[in-house]
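Listed here are the chains, written in short residue letters.
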Amino acid sequence: FLFFFFSSRRRHTRSSLVSWARRCVQETGINAEYMGFIQRMIVKFLCLFAFLISLSYEKLGVLVPPPGKINEDELKCLLRNKVDMIVIRGFTSDGKVDKNVVANLKTAIAMNFTEIDVSISPCVPCEPDKQILELMKEIKPFNFTRVWININVPGWREFKAFNQGFLEEMIATIKAQSKPVGILTTKFHWEDYFGPTYSKQSTEPLMYQNFDKKPNFNDFVPFGGWKTPNSKHYYSGNNFCKANWEEYYKPQDISILFYLTKILSLIHI
């Protein structure tokens, strides 16, 4: 098991372990300064044990790069490498439904990916509601989870109030189609287009972008009202499984930390 941990294709780094340990201590509410040596060793052992168990629950996914037509062999390779989430490009910033979105959805659904989402790159000169309706007309019959709005595209106006209204209408139109929404952006783009104090969308899941090739949240800086992200777009153009994939990371379920907290409280550490 330890050999698998250190040699895994999923690239769990020492920084991931440090991040987990820090989070473990924070979640348990333990102050290590007031603990004896044996107590500290017990906590470290339990945190490491919980981390190793959590590897089965950590998730990695890919965003389909343009032009982006995927096939079964590529997806089988992803699944073998423990990548079971995919975001399929649905709409481009030049105002067109991606020509491959329907075929890509069919392929991903047939391969039983655990999470299948669709992304839209807004065409700002276009009508916000019409582009959503045009996309949904093509993809609504398919079973997918969420529509991610990719903010990191050109064409946004200088007037932040216009951009805010445009985004709000897009989100309202998606929700009217009974689909949840997510926001894909960077701190720079968000504040540049919508302003540093705009936080109306902070209740929607955030996928932030930083191509540091590190599948963790150590670099996250709060913005737009978001205190915690949902996921991280951390790698662009990783060439494996016969394609240059865009990779994203989504952390493991914190329920493991919940049970660890209960264990520590029972043994009075």
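Quick note: structure is the one above.
Please read these numbers as outputs of a predicted model, since none were measured by experiment. (Residues numbered from 1 in each chain as written. Predicted model: local features only at pLDDT ≥ 70, side-chain atom pairs only at ≥ 80, totals over all residues. Heavy atoms only, no water.)

Colleague: Help me out: how do you make sense of the nonpolar core in this one?
Modeller: Here is a general trend for soluble globular proteins: nonpolar side chains tend to be buried in one another's company. In terms of nonpolar packing, the biggest core is built from 55 residues, with Ile86, Ile149 and Trp245 touching the most fellow members. With residues up to four places along the chain from it excluded, the contact list for Ile149 reads Ile120, Pro122, Leu167, Met170, Ile171, Ile174, Val181, Gly182, Ile183 and Leu184. Counting seven residues, the second-largest nonpolar core is a separate cluster that includes Leu63, Met85, Val87 and Met207. (Core = buried A, V, L, I, M, F, W, Y, C linked by side-chain atoms within 4.5 Å. Buried < 20%, exposed > 50% of the residue type's maximum accessible area, 1.4 Å probe, protein only. Contact = heavy atoms within 4.5 Å.)

Colleague: What is the right way to look at helix α5 (residues 101-110) in this model?
Modeller: Owing to its 3.6 residues per turn, the α-helix brings residues three or four apart onto one side. Buried residues of α5: Val101, Asn104, Leu105, Thr107 and Ala108, and no others. In an axial view of α5, the angular spread of the buried residues amounts to 165 degrees, which keeps them on one side of the axis. Across from the buried face of α5, at angles greater than 90 degrees, the exposed residues are Lys106 and Ala110. Packing partners of the buried residues in α5 comprise α4 (72-80), β2 (83-92), β3 (96-97), β4 (115-120) and α6 (128-139). Immediately beyond the C-terminal end of α5, within one or two residues, lies Asn112, with a positive phi of roughly 60 degrees. (Helix = DSSP H or I, 4+ residues; strand = E, 2+ residues; numbered from the N terminus. Arc of directions from axis to C-beta.)

Colleague: What am I meant to see in the pairing of strand β5 (residues 147-150) here?
Modeller: On a regular strand, one side chain projects to one face of the sheet and the next to the other, so that they alternate. Burial along β5 is two-sided: Val147 and Ile149 facing one way and Trp148 and Asn150 facing the other are all buried. In terms of strand pairing, β5 meets strand β6 (residues 181-185) through four bridges, oriented parallel. Across the sheet, Ile149 pairs through a bridge with Ile183, a residue of β6. In terms of handedness, the path from β5 via helix α7 (residues 160-176) over to β6 forms a crossover that is right-handed. (Pairing = 2+ DSSP bridges. Right-handed = clockwise from strand over helix to strand, strands pointing away.)

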